[in-house]
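Residue strings, one per chain:
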Amino acid sequence: MILYSPQAVPVRTIVERRFSYTSLPTASASVEWPMPDRLEDPPPPPIPASAFGGVVGELANGISEALETPIELGGLLALAVASTACLGRYSVLVAPGHFEPLALYCATALPSGTRKSPVLTIVQAPLVERERQTRQVAEQLIQTRQVAEQNRKDRLKSLQSKLTKAKGDEIAKLEAEIAAASIEPPPASKPPRLFVQDVTPEKLGAMMAENNERMGVFSDEGGFFDILAGRYANGASNLDLALQGYSGSTVRVDRKIGESISIDHALLAVGIAPQPDVLRKLAAHAEMRGKGLAARFVFALPESPLGARSCERSPLSSVLADRWSEVIGRILSATPHRDGISGKESPRPIRLSEGAYRAWRAAEKALEPRLGPDGDMGSISDWGGKRMGNVARIAGVLHVVDCAASSLDPEETPISEDLMHRVLGLMQLLDSHAKAVFGLLTGNQALEDARRVLRLCREDRRERFTAREVQRDIRGLGNRARVSAALEVLVDAGWIKRLDPPVGATGRPMYTYVVHPLARTGK
């Protein structure tokens, strides 16, 4: 994968690989065509449901078949939901002193219209149901307290009335009863929340402080990135809580305006499905990568299903939906360890089997040289530096899910070697997706536009066109200068040639571009 610099540089210095063909289609006699440079890397490999395995794999496959969506979308969102359920309840003990919280940040990039919302609705349904149940219990408690409070006020009023007529020893007795009746009970606690959607970092911190210091964030769009980048703060980014929530760090916020926030171990899980263009826009926010937020995410960039669907949607199997709901419900019902003296909670440790640890350790050693400047992951070494931590976290989440499905105790059952090898295989596939996503984050705008023009030529089998036609036919390509920059990239790469205007033409020249035969044949 080649990561393109945002600076304007000749495409022939950007693109190093070329197409190799045994023969070329016959070109026009008036135009000679050299072999063009390759503008697009191969798409990341698709991730099969078997790479997730177990309950998550079955759910992702069922959703994919029912809604005709990529496996990656259902799989990563399901991981994020399961991660939300695990927060604060379990952590992975990789080695003595090395704990990984089960906080996962998952992002699957897909364009609009790919049924992201229905998929998110399915996978987060158990969280919605649990919030509904706890809200009903809280509402019943509130009603009971309201009745008790009204009885207290009525009794207090009655006692005060009696006091006005009391004499002798009766006065002291009534005063004592009035003092007791005057004590107001503490306010009823709010119904617990498990996840949020559109929320500012400041509000998110306050909600985490009210909900056991943990929270899930879900969205079928990229609003989470926009908010962190400063949508509600005049462009001033606020990444601290998102950075701290990944590692379970301490949060202390004291500002002149707003309430203070004190969190000992902040834990976040994130499941979002932004459009690819949202990721491209993140290139303008250097802090997103510079401070390490992008490196914390497990990314997927699956091929869009648009244009290849049968349009025969079917409901998800009720068996799969019920099983998913039951599994997440069991995880949510698990309680963390509680210290008998301090009363503080701590997550239950999940251990690796000897074989699982050997596999994890071998993969960690094999990864290290790849992160160097000459390694295949050198350009995304920030992401690679968190890769093995995410391997342990994913293995831990999948382990808890599968144990819940089998009514086993995750704390008593170590992570198996087979599961660790499965997750390592999954991460190898995710490596390619990460490289593709970071290519978007650092991409060259002119090169991206050139790819869109080339795809248009392939789809329409165009032999020639003008700049005005490109601007008309490709939505959002922008102004004339942006179109011209994209066409210059294609000219330099050898995919199109610009013909001189007719002799004697007056006014601003309207150039016609002819298209390489390879593009017209769709190869």
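Residues numbered from 1 in each chain as written. Predicted model: local features only at pLDDT ≥ 70, side-chain atom pairs only at ≥ 80, totals over all residues. Heavy atoms only, no water.

Secondary-structure assignment places Ser353 in the loop between strand 12 (348-351) and helix 14 (354-367). Accessibility expressed as a relative area gives 17% for Ser353, which makes it buried. Not counting chain neighbours up to four residues away, the residues in contact with Ser353 comprise Pro414, Ile415, Ser416 and Glu417. (Helix = DSSP H or I, 4+ residues; strand = E, 2+ residues; numbered from the N terminus. Buried < 20%, exposed > 50% of the residue type's maximum accessible area, 1.4 Å probe, protein only. Contact = heavy atoms within 4.5 Å.)

Attention now moves to the nonpolar core. Residues Phe297, Trp324 and Ile331 are the most contacted members of the largest nonpolar core, which totals 118 residues. It is helix 17 (residues 417-441) that provides the largest number of residues to this core, a total of 13 residues. Filtering out sequence-adjacent residues up to four positions away, Trp324 remains in contact with Val55, Val56, Leu59, Ala78, Val81, Ala82, Ile122, Val123, Pro126 and Val401. Grouped together as the second largest cluster of nonpolar side chains are 23 residues, Leu477, Ile496, Val515 and Ala519 included. (Core = buried A, V, L, I, M, F, W, Y, C linked by side-chain atoms within 4.5 Å.)

Each packed pair of helices is defined by two parameters, the angle between the axes and the distance between the axes. Put simply, helix 16 (residues 387-405) and helix 17 touch, their axes get as near as 9 Å, and they point 130° apart. One finds that helix 16 runs oblique with respect to helix 17. Seen along the crossing, helix 16 lies across helix 17 with a hand that is right-handed. Residues Arg387, Met388, Asn390, Val391, Ile394, Ala395, Leu398, His399 and Asp402 of helix 16 form the contact with helix 17, whose own contacting residues are Leu419, Met420, Arg422, Val423, Leu424, Leu426, Met427, Gln428 and Asp431. (Axes fitted to C-alpha atoms, helices over the stretch in contact; angles between N-to-C directions. Parallel < 35°, antiparallel > 145°, perpendicular 65-115°, else oblique. Left-handed = near helix turned anticlockwise from the far one by under 90°.)

This paragraph deals with the sheet that holds strand 15 (residues 512-515). An order of 13-15-14 is seen for the three strands of this open sheet, with the pairing classed as antiparallel. One side of each edge strand has no neighbouring strand; the edge strands of this open sheet are strand 13 (464-466) and strand 14 (496-499). Pairwise comparison of adjacent strand axes, ignoring direction, gives a mean angle of 30° for this sheet. Here strand 14 pairs with strand 15 via four bridges, running antiparallel. If you follow Arg498 over to strand 15, its bridge partner there is Tyr513. (Pairing = 2+ DSSP bridges.)

Interpretation in functional terms is not warranted from these geometric data alone.
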